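Remarks on the overall topology
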Amino acid sequence: MHVALQQDVAPSELPSQQSQPAPRDLRRVDIHPDHWYPVAWSREVKRGKAHGVRFAGDPVVLVRTESGKAFALEDRCAHRQVPLHAGVVDGESIRCCYHGWTYDCTGRCIDVPYLGRERLPNGVRSYPCREEAGLIFIFPGDPLLAETTPFPALGSVGDKAYKTRRFGREVKCHYSFMHENLMDMNHQFLHRKQMGQMKARSVGRSRGEDWVEVNYTFAREEGKQPIGEALVFSQKRGTKPDDNNKDVMTIRTEYPYQTLRIRTKDQTMVMDLWIAYVPLDAEQRTNRTFGLLSIRRPKIPGILDAAWPLLVWFTERIFKEDRWIVEREQEAHDRQGADHNHEVFPVILELRSLLTECGAPVREPATERRVHMIQPISD
Amino acid sequence: MHVALQQDVAPSELPSQQSQPAPRDLRRVDIHPDHWYPVAWSREVKRGKAHGVRFAGDPVVLVRTESGKAFALEDRCAHRQVPLHAGVVDGESIRCCYHGWTYDCTGRCIDVPYLGRERLPNGVRSYPCREEAGLIFIFPGDPLLAETTPFPALGSVGDKAYKTRRFGREVKCHYSFMHENLMDMNHQFLHRKQMGQMKARSVGRSRGEDWVEVNYTFAREEGKQPIGEALVFSQKRGTKPDDNNKDVMTIRTEYPYQTLRIRTKDQTMVMDLWIAYVPLDAEQRTNRTFGLLSIRRPKIPGILDAAWPLLVWFTERIFKEDRWIVEREQEAHDRQGADHNHEVFPVILELRSLLTECGAPVREPATERRVHMIQPISD
Amino acid sequence: MHVALQQDVAPSELPSQQSQPAPRDLRRVDIHPDHWYPVAWSREVKRGKAHGVRFAGDPVVLVRTESGKAFALEDRCAHRQVPLHAGVVDGESIRCCYHGWTYDCTGRCIDVPYLGRERLPNGVRSYPCREEAGLIFIFPGDPLLAETTPFPALGSVGDKAYKTRRFGREVKCHYSFMHENLMDMNHQFLHRKQMGQMKARSVGRSRGEDWVEVNYTFAREEGKQPIGEALVFSQKRGTKPDDNNKDVMTIRTEYPYQTLRIRTKDQTMVMDLWIAYVPLDAEQRTNRTFGLLSIRRPKIPGILDAAWPLLVWFTERIFKEDRWIVEREQEAHDRQGADHNHEVFPVILELRSLLTECGAPVREPATERRVHMIQPISD
């Protein structure tokens, strides 16, 4: 992978929207399907139950069989197109609720109650499916690429030194607004009520073929440190009042995922966030966010657990403000019919070009896959 | 009328979707307007009141005059197009609520309060209208055909040997899904919670020019007979446990109506359902269902009346499940933009071809009928 | 200004819809932007706060600065297009809630916290803005015309001899339906429950280049005088029972505003209504109504104040009925896709032609104004 470490560059060297008008509106660039995407929390798919989700407009049923294994199929019965998630798990298969057509984990139709087994119709599409760290992932693109496509490293969720909060919900905007929101720390003004007046300073960015990364330091301009922030740093903070200026926040989009890590002066990672934004509708104007927020446990046992509800409350407030503003951005795009953003921050310009380049090729007019059917039976 | 009684035929003789792709998407075939359609229950149109309904997107006002007679007009005042159903019944006419323009039962404008009677504007469209068995019917097609078009036989609603339940409501799907749902008894699996595991066996079908009919027998595979079903059969059932296997259910679509009748071994009809599905919106993706469900009274007087609430509850549950699933079918059609059904059951293939053949010709681009107006008056 | 005083004319002299079909559907004629339009009540825009409104689809932020002055800008930050009304008033400027970009009353961007002041981006559009009689007006058209365009005379709102009620709300219809509703007093039938049976008689109309006016007298046909009406007239009414037949109501559309005045026999103006209908959405199928209803104070002090709640209740009822019916008219237009009105009243035909002639030219396909941005900064 080609990696270019960049120093801050002068405006004239930057790609400029005026001189080189982007050939595509980023807000209409579909996410690339040839990656592993989380589509549900494990706890949402109970044993012996089916659960319907969506990926970019495609209905997907997640089935947890009686043995506990999860699989993913197109969420439409081949017969009458009704959702399979309303069906009945039968051993290791799923039976449609309407006429009882039954499918195994590969999507093959293995039973039609009123039809001889020798004349079974074709089945439905299946998706490669993996379960990790309490998340169920599918591979919505070319299934032949699933095995060779790297599965994401899910932050510090597996490390006992950290406590992890799982969060996220549906947000009514294109995934690109989410990436830009998190990466542009100049938006601290939005969180002034929660965070006080913080001034972010970007101290270097770098870019590779499928990633872009930026480092920030922060200076408090006004107000005192919020308690939620104190929780994260308490165990690492020195006595000098400006020690917090030495913390470095690294935000990285490694397509299609994003991470945010905070390291103290001595390189201890005190916070590690892994997050993915998964398009729900065909137009990709909504996404479901799946976040794993890991906080390093302080040396005094139990203190983080005790303070956890406060941290949950604090992060929920921040996330709520972010959700509100990105939905306003999408709303403006919907009304203006095009991207009227006037971005001036080079990090974000870099990110936008990354998201455009890594995104799916221009969307073809929707065509539905057809499953061929067998000859009709006599009754 | 040409009638062809068919035996079960081999698949090769059947019309096949592959070899002869249907030239029209059945879900876009409008119902044929040259029939009598119920549009309201009689009790919904009170004496001296007007009531607004819709037929396939056309607003219709039903007026019950002070003498008790019902008539049907286009539900728009010729003047400002506001709904006449908000108006005032004045003797045998209806007066628009806005400026008081008044129409008689033929739709003729008979008064404009601020205009001389010699210069009255043209009126509004009227519909042939009949009231039978607690239902108000209109003839939405060519009014010249109304008189010669057979009025439907409304099951056993007029027979004292039966008790009839009137039911129905708005269902968000094309009427064709309703016909297919009722006629395909392989969907008993959907009602497994209400009915236990029943296996339907089709034992012969027949087809005429404007009708298709199928007979079923049933075998209970698991669970015990539900109480609602027991009510229907109690008086007729013999002592042998498999007597119910001798009951025959006949489902018939006689365009555009549908009936379901159950006869016991001795040919007693124990249940007689007449049902119609009336499109509400112009796209015909919603319908209002009007059902007359007649149950034969047992010999012991009063027992059916006593058990009636239970039967109401039971049939409501079944109808609710059916409504839910047909709305999912419509939803899939809306999302897929075409009919992706892979039907394998010959009865239903026959029914689909009937509904297509008997339906309205291809819809023309919407054009509104214009009523010519008189010269403006001086003030 | 050319003024033509017209006597009642014979139908043959009137413009006829048949012989000269209107080249434009009035319901699609946009209101002309080169006028002063109220967009909010003063009390809605508190000191040190911002308030978002809309004019014909364009979002507008009204800002009341710390000194109490109001100004109006496009309600979108030049940067990310999010609404400025969610921002923070900072002295005499408004700061966007997201990244803190700051604009003065002319729309100029005067601060981007993370950008040098010498490289500030262009700002946002500003609107000429005036505050009168508790209303905030903007001039949405060509700002060069604002100063020379006459500001409307706001009825008797400034006259101590009158008490004024401010009222209005959002109505889901094109503004033209509002003008026609108020001007056609034959619609008294709609208010029969509030007003009893009144018969309006038009007694002369006149027309100028940008206005049309009609006079009415009224005769009570049935029922007694409603109490709300009595309030208005009590102090002026003589003892003869038919004195009220001598009152004259004058309704005038002086583009784009409307007035309704009632004068008694001795020419005392007992009621003076000024009203404006301001389109909210781009299609102009909704409007917000701003009304100033001034009632002449009777000689006995305090009597009008005591009866005020009754008058509020009475006018709210009337306005509610009018709102309901004009929304039905818009609904019919939406469904019919064109104007099917068959108007027979010459006053209204005149008004329709006025509204068409004074309206905006045919709408061009929506194009968004672009603010040029500066070169991106380095970080």
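See the structure printed just above.
Source: prediction; values computed, not measured.

What counts as what
- Residues numbered from 1 in each chain as written.
- Chains lettered and ligands numbered in written order.
- Predicted model: local features only at pLDDT ≥ 70, side-chain atom pairs only at ≥ 80, totals over all residues.
- Heavy atoms only, no water.
- Helix = DSSP H or I, 4+ residues; strand = E, 2+ residues; numbered from the N terminus.
- Buried < 20%, exposed > 50% of the residue type's maximum accessible area, 1.4 Å probe, protein only.
- Contact = heavy atoms within 4.5 Å.
- Areas by Shrake-Rupley, 256 points an atom, 1.4 Å probe, with all protein chains shown as cover.
- Salt bridge = Lys/Arg side-chain N within 4 Å of Asp/Glu carboxyl O.
- Pairing = 2+ DSSP bridges.
- Axes fitted to C-alpha atoms, helices over the stretch in contact; angles between N-to-C directions.
- Patch = residues over 30% accessible without salt bridge, like charges linked within 9 Å, V, L, I, M, F, W, Y side chains within 5 Å.
- Lys, Arg positive; Asp, Glu negative; His and termini not counted.
- Charge placed at Lys NZ, Arg CZ, Asp CG, Glu CD.
- Phe/Tyr/Trp six-rings, centres within 6.5 Å; stacked < 30°, edge-to-face > 60°.
- Lys NZ or Arg CZ within 6 Å of the ring centre and 35° of its normal.
- Expected span 1.5 Å × (residues − 1).
- Bend = angle between axes of the 7 residues up to and from the residue.
- Parallel < 35°, antiparallel > 145°, perpendicular 65-115°, else oblique.
- Left-handed = near helix turned anticlockwise from the far one by under 90°.
- Nonpolar A, V, L, I, M, F, W, Y, C, P; charged D, E, K, R; others polar.
- Polar contact = N/O pair within 3.5 Å; in protein donor to acceptor, adjacent residues only side chain to side chain.

Next up on the list: the overall build of chain A. Across its full length, chain A carries five helices and 20 strands. Each of the 379 residues in chain A was classed as buried or not, and the buried ones make up 58%. Pairs at least 24 apart in sequence give 63% of the contacts found in chain A among residues at least 6 apart. Working note: accessible area of chain A is about 16,600 Å², and carbon and sulfur atoms make up 52% of it.

Applying the stated rule across the entire model yields 78 salt bridges over all chains. Here A:Asp334 and A:Arg285 are joined by a salt bridge, their closest N and O atoms 3.3 Å apart. Of this pair, A:Asp334 sits in helix 4 (residues 303-336) while A:Arg285 sits in the loop between strand 19 (269-279) and strand 20 (287-296), placing them 49 residues apart in sequence. On the basis of relative accessible area, A:Arg285 is assigned to the partly exposed category, the value being 36%. Note that B:Glu350 and B:Arg207 form a salt bridge whose closest N and O atoms lie 3.6 Å from each other. Residue B:Glu350 is located in helix 5 (residues 346-358), and its partner B:Arg207 is located in strand 15 (residues 197-208); the two are separated by 143 residues in the primary sequence. By relative accessible area, B:Arg207 is classed as buried at 11%.

Attention now goes to the sheet that holds strand 12 (residues 135-138) of chain B. Residue and element names in this part refer to chain B. The three strands lie next to each other as 2-12-11, forming an open sheet whose pairing is antiparallel. Every interior strand has two partners, whereas the edge strands, strand 2 (37-41) and strand 11 (129-132), have only one. Sheet twist, expressed as the average angle between the axes of neighbouring strands with direction ignored, equals 30 degrees. Bridge count for strand 2 against strand 12 is four bridges, and the pairing is antiparallel. Within strand 12, the residue paired with Tyr 37 across the bridge is Ile 138.

Glancing now at a positive patch on the surface. Taken together, the side chains of A:Lys49, B:Arg169, B:Lys172, B:Lys193, B:Arg317 and B:Lys320 make up a positively charged region of the molecular surface. Structurally, B:Arg317 is set in helix 4 (residues 303-336). With relative accessibility at 34%, the residue B:Arg317 sits in the partly exposed group.

A complete count under the given rule lists 30 aromatic pairs over all chains for this structure. On the basis of an interplanar angle of 35 degrees and a centroid distance of 5.5 Å, the ring pair of B:Tyr257 and B:Trp274 is categorised as tilted. You can see B:Tyr257 sitting in strand 18 (residues 257-263) and its partner B:Trp274 sitting in strand 19 (residues 269-279), a full 17 residues away along the chain. Look at B:Tyr257 and you get buried, because its relative accessible area is 10%. Here the aromatic residues A:Trp36, A:Phe137, A:Phe139, A:Phe151, A:Tyr257 and A:Trp274 are joined through ring pairs into a cluster of three or more. Note that B:Arg130 overlies the ring of B:Trp36, its terminal NZ or CZ placed 5.8 Å from the centroid.

A word on the sheet that holds strand 12 (residues 135-138) of chain C. Residue and element names in this part refer to chain C. Pairing is antiparallel across the open sheet formed by three strands, whose spatial order is 2-12-11. In this open sheet, the two strands that pair with only one neighbour each are strand 2 (37-41) and strand 11 (129-132). Each strand axis lies, on average, 30 degrees off the axis of its neighbour in the sheet, ignoring direction. Summarising the sheet, strand 11 and strand 12 pair through four bridges and their orientation is antiparallel. Bridging from a neighbouring strand, Glu 131 pairs with Ile 136 of strand 12.

Residue and element names in this part refer to chain C. With 34 residues, helix 4 (residues 303-336) ought to run about 50 Å at 1.5 Å a step, and its terminal C-alpha atoms sit 49 Å apart, in line with that. Most pronounced at Pro 309, the bend in helix 4 amounts to some 45 degrees. Within two residues after helix 4, Gly 337 carries a phi angle of roughly 75 degrees, on the positive side.

Okay, the packing of helix 1 (residues 175-183) of chain C against helix 5 (residues 346-358) of chain C next. All names here are of chain C. Closest axis-to-axis distance for the helix 1/helix 5 pair is 10 Å, and the angle between their directions is 155 degrees. One finds that helix 1 runs roughly antiparallel with respect to helix 5. Our pair here, helix 1 against helix 5, has a crossing hand that is right-handed. Facing Ser 176, His 179, Glu 180 and Met 183 of helix 1, the residues of helix 5 in contact are Val 347, Ile 348, Leu 351, Arg 352 and Leu 355. Its residues assigned to classes, the contact of helix 1 with helix 5 comprises five nonpolar, two polar and two charged.

Moving on: the side chain of C:Glu343. The residue C:Glu343 is located in the loop between helix 4 and helix 5 in this model. Separated by 3.1 Å, the side chains of C:Glu343 and B:His79 make a polar contact. Of note is the side chain of C:Glu343, whose polar atom sits 3.2 Å from the backbone nitrogen of C:Phe345.

What follows is about the environment of A:Pro361. Residues and elements named next belong to chain A. Locating Pro 361 in the fold gives a position in the segment after helix 5 (346-358). Using a relative accessible area of 59% as the deciding quantity, one classes Pro 361 as exposed. Sequence separation of Pro 361 and His 32 is 329 residues, and the distance between their C-alpha atoms is 7.9 Å. Once residues lying within four places of it in the same chain are set aside, the contact partners of Pro 361 are Arg 24 and His 32.

Take the pairing of strand 4 (residues 58-64) of chain C next. All names here are of chain C. Buried residues dominate strand 4, accounting for six of its seven residues. Counting the residues between successive antiparallel strands, the hairpin from strand 3 (residues 49-55) to strand 4 contains two residues, one of them, Ala 56, with a positive phi of roughly 50 degrees. Bridge analysis of strand 4 against strand 5 (residues 70-74) gives five bridges, and the strand direction is antiparallel. Paired with Val 60 across the strands is Glu 74, a residue of strand 5. Where strand 4 hands over to strand 5, the hairpin turn is made up of five residues, of which Gly 68 adopts a positive phi near 100 degrees.

It is worth spelling out the environment of B:Ile94 at this point. Note on placement: B:Ile94 falls in strand 7 (residues 93-95). For B:Ile94, a relative accessible area of 0% corresponds to the buried category.

Attention now goes to the environment of C:Phe345. Here C:Phe345 is to be found in the loop between helix 4 and helix 5. For C:Phe345 and C:Asp184, which are 161 residues apart along the polypeptide, the C-alpha to C-alpha distance reads 8.1 Å.

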